[in-house]
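Here are the chains, one letter per residue:
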Amino acid sequence: MTSQFMLAHRGDLGVLERLDMAAETKLDGTICHIIKTPTSLQMWSRDSTTNTYRVDYAKVHNLPEVEHDINNLKCKSVWLDVELVWINKAGRSIMRGSQVRCGTTRRDAVQEKMRIYPIHAVSFDLLELNGEDYTKQGFLIRKTILEGLIAEHKSLVSLTYLGYTLEKRDLWERMLRMGEEGVMAKTLMGCYEFRRSRE
């Protein structure tokens, strides 16, 4: 198993006009790989210096609502790329909430922090499902399968699916008005890269 995340690089507004790209909302939270196997469930956060896994930060028992949802997915194994986010009353994703939740190590404080900072595990990519590697599949294929996996579960509390749009400029302008960071532009047929993406 590799120990790196796929990251973006700062682009230019020209990508908003490209027909071979889609856009997703850029959320302000904690990036995390969630890996469920038949015998375990792990959450791996990212070391911002080395872009390698840092398992001591996003722990399963810190986020019981996320643990519940992942364990209730109807699959034997899954590997998801998610953003752990807290949404404030204005509808914005705020890093502070995910930092507090991921950094809460005392079990007696988890319930209190969960009430103040309910976390959404916003899934935006699928790397593996039931033993099948999807990292070499195109973006659209991964998103379609991921959407179907999340959609068939009506009782999920925190796990959600992050959609995409081909109307990239409209999304970018809307995110700027909301005060969000912007958008992530992704090549429609692009594979998952365990590094900073070239596009």
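Fair warning: this is a prediction, and the values are worked out from it, not measured in the lab.

Draft legend 1. Quick peek at the overall build of the protein. On a plain count of helices and strands, the protein comes out with 5 helices and 10 strands. Residues counted as buried form 46% of the 199 residues belonging to the protein. Looking at the protein alone, contacts between residues at least 24 apart form 76% of all its contacts between residues at least 6 apart. Split by element, the accessible area of the protein, about 10,400 Å² in all, is 52% carbon and sulfur.

Draft legend 2. Expanded view of the packing of aromatic side chains. Throughout the structure, instances matching the rule amount to 2 aromatic pairs. Residues Phe-139 and Tyr-164 carry aromatic rings whose centres are separated by 5.6 Å and whose planes lie at 70 degrees to one another, so their mutual orientation is edge-to-face. A residue pair is termed long-range when its members are at least 10 positions apart, and Phe-139 in helix 4 (residues 139–151) and Tyr-164 in the loop between strand 9 (159–161) and helix 5 (168–178) qualify at 25 residues. What makes Phe-139 buried here is its relative accessible area of 1%.

Draft legend 3. Layout of the pattern of salt bridges. For the structure shown, the criterion picks out 7 salt bridges. When the shortest N-O distance is used, the salt bridge between Arg-169 and Glu-17 registers 2.8 Å. Of this pair, Arg-169 sits in helix 5 while Glu-17 sits in the segment before strand 1 (21–26), and the two are 152 residues apart along the sequence. By relative accessible area, Glu-17 is classed as partly exposed at 48%. The closest approach of N and O atoms between Arg-101 and Glu-65, which form a salt bridge, is 2.8 Å. Taken together, the residues Arg-101 in helix 2 (residues 95–103) and Glu-65 in helix 1 (residues 64–71) connect sequence positions 36 residues apart. Where salt bridges share partners, they join Glu-24, Lys-143 and Lys-186 into one cluster.

Draft legend 4. A look at the pairing of strand 5 (residues 78–87). Of all 10 residues that make up strand 5, 9 are buried, and the element is covered over most of its length. Pairing geometry for strand 2 (residues 30–36) and strand 5, over 7 bridges, is antiparallel. Following the sheet pairing, Thr-30 is matched in strand 5 by Leu-84. Sheet topology places strand 5 next to strand 7 (residues 120–129); 8 bridges connect them, and they run antiparallel. Within strand 7, the residue paired with Leu-84 across the bridge is Ala-121. Both strand 5 and strand 6 (residues 93–94) contribute to a ladder of 2 bridges, which runs antiparallel. Paired with Ile-87 across the bridge in strand 6 is Ser-93.

Draft legend 5. Quick peek at the side chain of His-33. One can find His-33 in strand 2. On the basis of relative accessibility, which here comes to 0%, the residue His-33 falls in the buried class.

Draft legend 6. How the structure looks around helix 2. Among all positions of helix 2, only Gly-97, Ser-98, Val-100, Arg-101 and Cys-102 are buried. Looking at the buried side of helix 2, the elements it contacts are strand 2, helix 1, strand 5, strand 6 and helix 3 (107–116).

Draft legend 7. Seen up close, the confidence of the model for the protein. For the protein, per-residue confidence averages 84 on the pLDDT scale, and residues scoring 70 or more make up 84% of the total. The secondary structure element of the protein with the lowest average pLDDT is strand 4 (residues 53–54), at 54, and the one with the highest is strand 8 (residues 132–133), at 96.

Draft legend 8. Here's a closer look at the environment of Leu-84. Looking at where Leu-84 falls in the secondary structure, it is placed in strand 5. Distance from Leu-84 to Gln-99, taken between C-alpha atoms, is 9.1 Å for residues 15 residues apart in sequence.

Draft legend 9. Inspection of the side chain of Thr-135 at higher detail. Residue position: Thr-135 is located in the loop between strand 8 and helix 4. Under the relative-accessibility criterion, Thr-135 is labelled buried at 6%. Side-chain polar atoms of Thr-135 contact the side chain of Asp-133, separated by 2.7 Å.

Criteria and cut-off values
- Every chain's residues receive numbers from 1 upward, in the order its sequence appears when written.
- In keeping with the model being predicted, local features are shown solely for residues with a pLDDT of at least 70 and side-chain atom pairs are shown and tallied solely at 80 or more, while totals for entire chains, interfaces and linings include all residues.
- To obtain the side-chain values, all non-hydrogen atoms of the structure were included, while hydrogens and water were left out.
- Put simply, DSSP marks the helices as runs of H or I at least four residues long and the strands as runs of E at least two long, and each gets a number from the N terminus on.
- Relative accessible area decides the class of each residue, using a 1.4 Å probe on protein chains only: under 20% of the type maximum gives buried, over 50% gives exposed, and in between gives partly exposed.
- Only heavy atoms matter for contacts: two residues are in contact if any of them lie within 4.5 Å across the pair.
- All accessibility values rest on the Shrake-Rupley procedure with a 1.4 Å probe; residue burial counts only the protein chains present in the view.
- Stacked, edge-to-face and tilted labels apply to pairs of Phe, Tyr and Trp rings (six-membered ring for Trp) whose centres lie within 6.5 Å, assigned for plane angles under 30 degrees, over 60, and everything in between, in that order.
- A carboxyl oxygen of Asp or Glu within 4 Å of a side-chain nitrogen of Lys or Arg is what we treat as a salt bridge.
- Each pair of strands is called paired provided DSSP finds at least two bridges between the two strands.
- The predictor's confidence in any single residue is recorded as pLDDT, a number from 0 to 100.
- Polar contacts here mean pairs of N or O atoms no more than 3.5 Å apart (in protein, one a potential hydrogen donor and the other a potential acceptor; neighbouring residues in sequence count only if both atoms are side-chain atoms).

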